[in-house]
Every structure is written in C-alpha cells, then in structure tokens.
Amino acid sequence: MRWRLFLLTVCYAVPFGVTGSSMSVQDEPVVGLNSLAEVEFSHLSQLDPNPLGEKALAIHPEQWKHAETEHFIYHFVHGYVATPVSVEAEFHYRVVAKELERDQPPGDIKSHIYIFENSEDWRQFQALGKLEPWTGGIHSEGSLFIQRDPSYKFSGNTLGHEIVHLVMHRFYTAGIPRWLDEGFAQYISKDAHASYQRARGYLAKPHTEAIAPQEFMPLPVLLAFTYPPSDHVHTFYNESERLVRLLAETDKPSFLKLLDALARHQPLETGLREFYPTTFPTVSVLEQKFRDYASKDFGSSLQQANN
Ligand SMILES: [Zn+2]
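Residues numbered from 1 in each chain as written. Predicted model: local features only at pLDDT ≥ 70, side-chain atom pairs only at ≥ 80, totals over all residues. Heavy atoms only, no water.

Caption draft 1: Structural view of the overall build of the protein chain. On a plain count of helices and strands, the protein chain comes out with 10 helices and seven strands. Expressed as a percentage of the 307 residues in the protein chain, the buried residues total 51%. For the protein chain, contacts bridging at least 24 residues in sequence account for 69% of all contacts bridging at least 6. As displayed, the protein chain offers around 14500 Å² of accessible surface, 54% of which is attributable to carbon and sulfur atoms. (Helix = DSSP H or I, 4+ residues; strand = E, 2+ residues; numbered from the N terminus. Buried < 20%, exposed > 50% of the residue type's maximum accessible area, 1.4 Å probe, protein only. Contact = heavy atoms within 4.5 Å. Areas by Shrake-Rupley, 256 points an atom, 1.4 Å probe, with all protein chains shown as cover.)

Caption draft 2: Fine view of the packing of aromatic side chains. Under the definition given, this model contains 16 aromatic pairs. When the centroid spacing of 6.3 Å and the interplanar angle of 15° are considered together, the rings of phenylalanine 184 and phenylalanine 255 count as stacked. Residue phenylalanine 184 is found in helix H5 (residues 178-199), and its partner phenylalanine 255 is found in helix H8 (residues 252-263); the two are separated by 71 residues along the sequence. Put simply, the rings of Trp64, Tyr114, Phe116, Trp122, Phe125 and Phe145 pair up and form one aromatic cluster. Lying over the aromatic face of tyrosine 227, lysine 130 brings its terminal NZ or CZ to 4.1 Å of the ring centre. Lying across the ring of tyrosine 293, arginine 242 places its NZ or CZ 5.9 Å from the centre. (Phe/Tyr/Trp six-rings, centres within 6.5 Å; stacked < 30°, edge-to-face > 60°. Lys NZ or Arg CZ within 6 Å of the ring centre and 35° of its normal.)

Caption draft 3: How the structure looks around the environment of valine 87. Tracing the chain through its elements places valine 87 in helix H2 (residues 79-100). Given a relative accessible area of 26%, valine 87 falls into the partly exposed group.

Caption draft 4: Structural view of the coordination of the zinc ion. For the zinc ion, the full set of protein donor atoms is Glu132 (OE), Glu132 (OE), His161 (NE2), His165 (NE2) and Glu182 (OE), and the range of their distances to it is 2.0 to 2.4 Å. Each donor residue of the zinc ion lies on one chain, and together they are spaced E-x28-H-x3-H-x16-E. Linking glutamate 132 in the loop between helix H3 (119-126) and strand E6 (138-140) with glutamate 182 in helix H5, this pair joins segments that are 50 residues apart in sequence. Residue glutamate 132 shares its accessibility class with glutamate 182, and that shared class is buried. (Donors = N, O, S within 2.8 Å, 3.2 Å for Na, K, Ca; no water.)

Caption draft 5: Focus on the pairing of strand E7 (residues 143-147). Of all five residues in E7, four are buried, a share of seventy percent or more. When strand E5 (residues 111-116) meets E7, the two strands line up parallel, connected through four bridges. For isoleucine 113, the partnering residue across the bridge sits in E7 and is leucine 144. Hairpin connection, E6 to E7: the antiparallel pair is bridged by two residues, and glutamate 141 has positive phi, about 45°. (Pairing = 2+ DSSP bridges.)

Caption draft 6: Region of the structure containing the pattern of salt bridges. Applying the stated rule across the entire model yields 11 salt bridges. For aspartate 260, the salt bridge is made with arginine 102, and the minimal N-O distance between the two is 3.0 Å. Residue aspartate 260 is located in helix H8, and its partner arginine 102 is located in the loop between H2 and E5; the two are separated by 158 residues in the primary sequence. Residue aspartate 260 is classed as partly exposed on the basis of its relative accessible area, which comes to 23%. (Salt bridge = Lys/Arg side-chain N within 4 Å of Asp/Glu carboxyl O.)

None of this, on its own, says anything about what the molecule does.
This is the structure we're talking about:
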C-alpha cells in the first residue's frame, strides 16, 4: 500500500505524473487535499455485487487500483484522476443529503465508481451497458462507470449529475420516475456547480435552460418516459429540470413529501392533490402554470429561473 500525499488544485487541472512539489499552481488557488490512499482489492471494505463491476475489472486487470472514502469506493488507473472524482463525489453526497434534509439511510452501503482512462478499454466496456445520453456515463444498479481522459480539464456538471443519481439510488432504492431522477440530478448538480464557481470568486448563477414554446412536451408525455427519448434528449433533460425546480422552489417541504410518495410509486396526480392542494391540485393545473415557467426567459441571455 502506498501513501502518497500531494496537493491538488481546486480546478482539477492536474497535469500528468504530478507528485509533490511539481504540482502546477499557476492557474488556480491551491487547497490542501490529500490524495486517495490506495487500498488493495482484497482489503476493500465492501465488494460490488454488480456483475458489470467484475466485467470492468476484467479489462486489463493489471491496471486497476482501488481506494475508498466515507461513502464511495473507487476503481481507477491513476490516483491523480481518481482523487478529484472522489472530492466531487463526497461533495455531492453532502449536497444531496442536505437538500433531502436527511441523514444517511440505515444500512447504507458504499457506491462503486469505475474510472476508465483508455478509450479502447472504454469502447470495449460500453458494449455491456447503456450510456446515459446526457453524460456519457453508465449508471447501473447503484454503480457508476465513467471515462476520464487525464488530459481533459473537467468542467460543467456532468460528473455531479451522475453522482446525484448514485446518491438518490441509495436514498430511494425502489426507484423514482425518470423525469424526477433526471430533473433532480440536473437541478442539484447545476446549483452545486454554480456555488462551487462562486466559492472560486466567479459571479455564477445556476444556468437553467428555458424550453422553446414549440418544443414543450405536454406533461403526460414527459411523465411517461422511462428513458430519455433519443429524438428530444435536450428538451427532456431541461424540461425535467425546470419541473423539479418549480416544485422544489414553490414549496420545499411539500416537494420532499411528494418525492417520498413518488418513490413509493404513487401517481403524481395523487401526490399533488395531497401535498400541493392549493398551488397545483392536479396535473392539469400544474401543466398550465408549468408551461409559462418552462419557457420563461426563452431567447434571452439571462436564462435563469431563480430570479
Ligand atoms: Zn442522468
């Protein structure tokens, strides 16, 4: 087991082969983050029962290293690629738990994250799972499989989006509707990304995209999707995010109760009647109000919903 410590830049712009004082600090403020401590596979605290995990580790088995943090287990090739992923993973775990206003579920187990670097390995693995069209990652039974190019400067909220799915899967093991899962992942990861930018001194607000009125999908259509539709992927994600944002920002306590009800597989109609009796008593009333909210600021340069 090796215990190498080095500093990472906040921006995750980690150059190849960085160790100790060779760290590049010219473009970002430095915070002290310990690198992941490598753990031998046989010493990991938990195994991954997902058969895809075994298949991933069978691809060039000699390349995989392993590590864990409080809520996640990582399988990776280089520590300097995995460490920033672990920082984002734990950060989003805390953000989601705070947003849901709850503690760790009893009997919680760690989620496994597999980080491929080699494109050919990733292509080989991709044939085994279904890529999420928004992020290009594969989320399966509570495990996440992603490709990270070490030379790529991570940006945007795509990793955060996938981490939110992982955490939601732990809080709602029986599953939640697709629009809610994708909408919540976008809503949380966009806000988290904006607050992360603000912490670095940028003026940033969550960038939520308005739906062009002619693109708007009627609610019954949006609610029925079990997988993002290939012909309207962009609209599906943005409209789902706006719907979650409207429900959460109208009444947060009601939103959390509705989320619990939908996770128990109750119809939205029933949940609205119970938890939004005056604002959105039915799906049809919700749709009338949501249509305006979804297209708000469309075509302007200030496409931000929370103003
Ligand atoms: Zn997603």
